[in-house]
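For reference, the chains in residue letters:
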Amino acid sequence: MSSQAKVLGNLTAVVGTQWGDEGKGKLIDILAAKFDIIARATGGANAGHTIHIPDKNNPGQSQKFVFHLVPAGMLTDGKICVVGNGVAMHLPTFFEEIEVLEKAGISTAERIFISDRAHLLFEYHKAIDELQEMAKDSKKIGTTKRGIGPCYTDKIRRIGLRVHDLDNFEKFSAKYLENVETLQKMYGKFKYDIQAELNYYKEISLRVKPMILDSAYYLNEALDKGQSILVEGANGALLDIDHGTYPYVTSSNASIGGVVTGTGIGVTKIKNIVGIMKAYTTRVGEGPFPTELNDELGEKIRTIGGEFGATTGRPRRCGWFDAVVGKYSVMLNSLTSINLTKLDVLTGFPTLKIATNYKYLNEYLKSFPASLDVLKEIEIEYIELPGWEEDLSKVRKYQDLPKNARLYVEKIEELVGCKINYIGTGVGRDDMIFRD
Ligand code: GDP
Ligand code: IMO
Ligand code: MG
């Protein structure tokens, strides 16, 4: 995809390829200018997408935004944003983000819409998330405690309340109370203020009404009219409920399948699938992480990379780039290109390691294994590459990167089997190398 041309009549999806926090928000913000509509398809407020944009009121300074539910396209004038049917929608968080935008002088009126089929995430989902984590004790998943698992559980159990249910408040409250009763029978009498929540939804329903949209119809019609759509993935492929490191995963399909079911747009309409891949690996929460560095090198990456969760503030676990994970993600997502992010963070490491293969019982594994018991026992093969000392933050052309940085990029490309078209060199909108 050209860095200049507007993309017409097609859908481009941007997905996380590791364990989340790869830098999806930044690329969405950069690409948004070339698209008509930016949509979220999966996940909920477990996502934390950070974007730094130039501050209009303070030249030379930047403004930082962290979005959990609002698509990053809201930061680009005139763009339409849609929260798709696959999203677990927590309206209080959503409206907090709208307030932040309005306070920053960014108009949201008639620019953001919510799918009528998106499931509503209530405070009781958060209470249950907390209870389940406590009950699991040492086996806890380390969720974001945003109620994601319990909300999707209700969806699959077929008792969930959806955005369109707000149209009839009487029916909505009856179903809501019925759900609380059912869930309290299952999980015990968890404490929270039922009446306060119902009052909130009664009040907010009028505000939500003009934003409700039959999103699958709207998005497909937009494509038919020649408009272009950018889908902002959430979480990451290794957190995917089917393909991730189960059970240490989130509760939706974070890989490309979720983009299709979470918007109602068929696979044949997807033109580009851009995978966001950090130049090293991070993970928040529990679960396997084969290339984790539990030493001063891991600490160094965390400090230089600012690796602290955008949603919970938890320190992110850090480790070497894992090409087995990368290759698995390229396959799962049918990636057409990659944005390698945070290459600048690796400046100053004398040597860099990349995991190239997993061996189990002396045999090479063909792909990422399903069993966590196998993962515990694997032997990891690494290659070692020379590092570089130069600051990459001002580099804008691929050929201006230090030779060893190019070597590192090209080695990753070769190992994972997909072209790296974008390279991140800092947090800002301009800190990106386009390599067509
Ligand atoms: P997301 O959830 O995938 O959108 O990623 P997060 O926002 O949770 O975490 C990515 C972090 O890395 C954010 O703080 C970004 O501002 C930052 N970031 C993104 N790309 C780059 C890059 O190329 N270099 C540096 N240094 N930081 C980056
Ligand atoms: P973005 O979109 C990083 C992780 C949680 C936990 C597991 C399950 O910012 O990349 P959940 O609350 O979903 O039930 O937690 O998944 N997780 C993420 N980690 N980035 C995310 O999103 C994540 N979304 C969920 O830390 O380990
Ligand atoms: Mg994040």
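Residues numbered from 1 in each chain as written. Chains lettered and ligands numbered in written order. Predicted model: local features only at pLDDT ≥ 70, side-chain atom pairs only at ≥ 80, totals over all residues. Heavy atoms only, no water.

## Remarks on the coordination of the magnesium ion (ligand 3)
Under ideal tetrahedral coordination, the four donors around a metal are separated by 109.5 degrees; under ideal octahedral coordination, the six donors are separated by 90 or 180 degrees.
Step number 1: Within the protein, Asp21 (OD) and Gly48 (O) serve as the donor atoms for the magnesium ion (ligand 3), at 2.0 to 2.2 Å. Linking aspartate 21 in the loop between β1 (11–16) and α1 (24–31) with glycine 48 in the loop between β2 (37–40) and β3 (49–54), this pair joins segments that are 27 residues apart in sequence.
Step number 2: Accessibility expressed as a relative area gives 11% for glycine 48, which makes it buried. (Donors = N, O, S within 2.8 Å, 3.2 Å for Na, K, Ca; no water. Helix = DSSP H or I, 4+ residues; strand = E, 2+ residues; numbered from the N terminus. Buried < 20%, exposed > 50% of the residue type's maximum accessible area, 1.4 Å probe, protein only.)

## Observations regarding the sheet that holds strand β5 (residues 80–83)
Step number 1: Taken together, the ten strands give an open sheet; going across it, the order is β9-β7-β5-β2-β10-β1-β11-β15-β19-β20, and neighbouring strands pair in mixed fashion. Each of the sheet's edge strands pairs with one partner strand only, and the pair in question is β9 (212–213) and β20 (432–434).
Step number 2: Here β1 runs beside strand β11 (residues 270–278); their pairing, made up of six bridges, is parallel. Within β11, the position partnered with threonine 12 by the bridge is asparagine 272.
Step number 3: Contacting β15 (337–341) and β19 (420–424), helix α12 (residues 403–416) runs over the sheet at an angle of about 135° to β19. (Pairing = 2+ DSSP bridges. Contact = heavy atoms within 4.5 Å. Axes fitted to C-alpha atoms, helices over the stretch in contact; angles between N-to-C directions.)

## As for the packing of aromatic side chains
Step number 1: All told, the structure shown has 20 aromatic pairs when counted by the stated rule.
Step number 2: Both rings, one in tryptophan 320 and one in phenylalanine 349, keep their centres 6.5 Å apart while their planes meet at 75°; by these two values the pair is edge-to-face. Taken together, the residues span a long stretch of sequence, with tryptophan 320 in the loop between β13 (317–319) and β14 (321–322) and phenylalanine 349 in the loop between β15 and β16 (351–360) at a distance of 29 residues.
Step number 3: What links up through ring pairs into an aromatic cluster is the set Phe122, Tyr124, Phe169, Phe172, Tyr176, Phe190, Tyr192, Tyr200 and Tyr201.
Step number 4: Here lysine 353 stacks its cationic end above the ring of tyrosine 382, 4.8 Å away from the centre of that ring. (Phe/Tyr/Trp six-rings, centres within 6.5 Å; stacked < 30°, edge-to-face > 60°. Lys NZ or Arg CZ within 6 Å of the ring centre and 35° of its normal.)

## Observations concerning helix α7 (residues 215–224)
Step number 1: Residues of α7 that are buried: Ser215, Leu219, Asn220, Ala222 and Leu223. Buried residues of α7, seen end-on, are gathered within an arc of 155° and therefore sit on one face of the element. The exposed residues of α7 that point more than 90 degrees off its buried face are Tyr217 and Asp224.
Step number 2: On the buried face of α7, the contacting elements are β1, β2, β5, β7 (112–115), β9 and β10 (229–232).
Step number 3: Looking one or two residues beyond α7, the residue adopting positive phi is glycine 226, at roughly 95°. (Arc of directions from axis to C-beta.)

## Notes on the domain arrangement of the protein
In many analyses, interface size is given as the accessible surface area lost on bringing the parts together.
Step number 1: Along its sequence, the protein is organised into domain 1 (9–115 + 214–434) and domain 2 (119–210).
Step number 2: Of note, the centres of domain 1 and domain 2, computed from C-alpha atoms alone, are 28 Å apart.
Step number 3: Each partner contributes to the interface: domain 1 provides 30 residues, whereas domain 2 provides 25 residues.
Step number 4: Between domain 1 and domain 2 the total buried area reaches about 2,100 Å² when both faces are included, carbon and sulfur atoms providing 58% of it.
Step number 5: Per-residue buried area on domain 1 facing domain 2 is highest for His90, Leu91 and Phe95; these three make up 24% of the total on that side.
Step number 6: Summed over the shared surface of domain 1 and domain 2, the result is two salt bridges.
Step number 7: A salt bridge links glutamate 286 to lysine 140, with the shortest nitrogen-to-oxygen separation between them at 3.9 Å.
Step number 8: Our count for the contact surface shared by domain 1 and domain 2 stands at ten residue pairs in polar contact (both at pLDDT 80 or more).
Step number 9: Elements that contribute at least two residues to the side of domain 1 that touches domain 2 include exactly β6 (88–89), α2 (91–103) and β7.
Step number 10: Among the elements that make up the side of domain 1 that touches domain 2, the one with the highest residue count is α2 (five residues).
Step number 11: Grouping the constituent residues of the side of domain 1 that touches domain 2 by class yields 13 nonpolar, 14 polar and three charged. (Domains from an automatic or database assignment. Buried area = accessible area lost by both parts, 1.4 Å probe. Salt bridge = Lys/Arg side-chain N within 4 Å of Asp/Glu carboxyl O. Polar contact = N/O pair within 3.5 Å; in protein donor to acceptor, adjacent residues only side chain to side chain. Nonpolar A, V, L, I, M, F, W, Y, C, P; charged D, E, K, R; others polar.)

## A few points about the site of ligand 2
Step number 1: The immediate surroundings of ligand 2 are formed by 20 residues, with Asp21, Lys24, His49, Thr144 and Thr250 found nearest.
Step number 2: Here an oxygen atom of ligand 2 sits 2.7 Å away from a polar atom, N or O, in the side chain of histidine 49.
Step number 3: In the model, an oxygen atom of ligand 2 is placed 3.0 Å from a nitrogen or oxygen of the arginine 314 side chain.
Step number 4: Considered on its own, ligand 2 offers 550 Å² of accessible surface; in the complex 97% of this is hidden by protein.
Step number 5: Split into classes, the residues belonging to the shell around ligand 2 amount to seven nonpolar, ten polar and three charged. (Near = heavy atom within 4 Å. Areas by Shrake-Rupley, 256 points an atom, 1.4 Å probe, with all protein chains shown as cover.)

## Quick word on the site of ligand 1
Step number 1: With respect to spatial proximity, 20 residues lie near ligand 1, and among them Gly23, Lys24, Gly48, Thr50 and Asp344 are the closest.
Step number 2: Backbone polar atom of glycine 424 to an oxygen atom of ligand 1: 3.4 Å apart, as the coordinates give it.
Step number 3: Protein contact buries 92% of the 580 Å² of open area that ligand 1 shows by itself.
Step number 4: Within the residue set of the shell around ligand 1, elements represented by two or more residues are α1 and β3.
Step number 5: Tallied by class, residues from the shell around ligand 1 come to three nonpolar, ten polar and seven charged.

## Overview of the environment of phenylalanine 349
Step number 1: The class of phenylalanine 349 is buried, set by a relative accessible area of 0%.
Step number 2: Between the C-alpha atoms of phenylalanine 349 and leucine 297, which are 52 residues apart in sequence, the distance is 8.9 Å.
Step number 3: When residues no more than four places from it in sequence are discounted, the contact partners of phenylalanine 349 are Leu297, Lys300, Ile301, Ile304, Trp320, Gly387 and Trp388.

## Describing the packing of α2 against helix α6 (residues 194–208)
Step number 1: Where α2 contacts α6, the two axes come as close as 12 Å, and the packing angle between them is 50°. Put simply, α2 runs oblique to α6. Here the hand of the crossing between α2 and α6 comes out left-handed. On α6, the residues that touch Leu91, Pro92, Phe95, Ile98 and Glu99 of α2 are Tyr200, Tyr201, Ile204, Arg207 and Val208.
Step number 2: When its residues are assigned to classes, the contact of α2 with α6 shows eight nonpolar, no polar and two charged. (Parallel < 35°, antiparallel > 145°, perpendicular 65-115°, else oblique. Left-handed = near helix turned anticlockwise from the far one by under 90°.)

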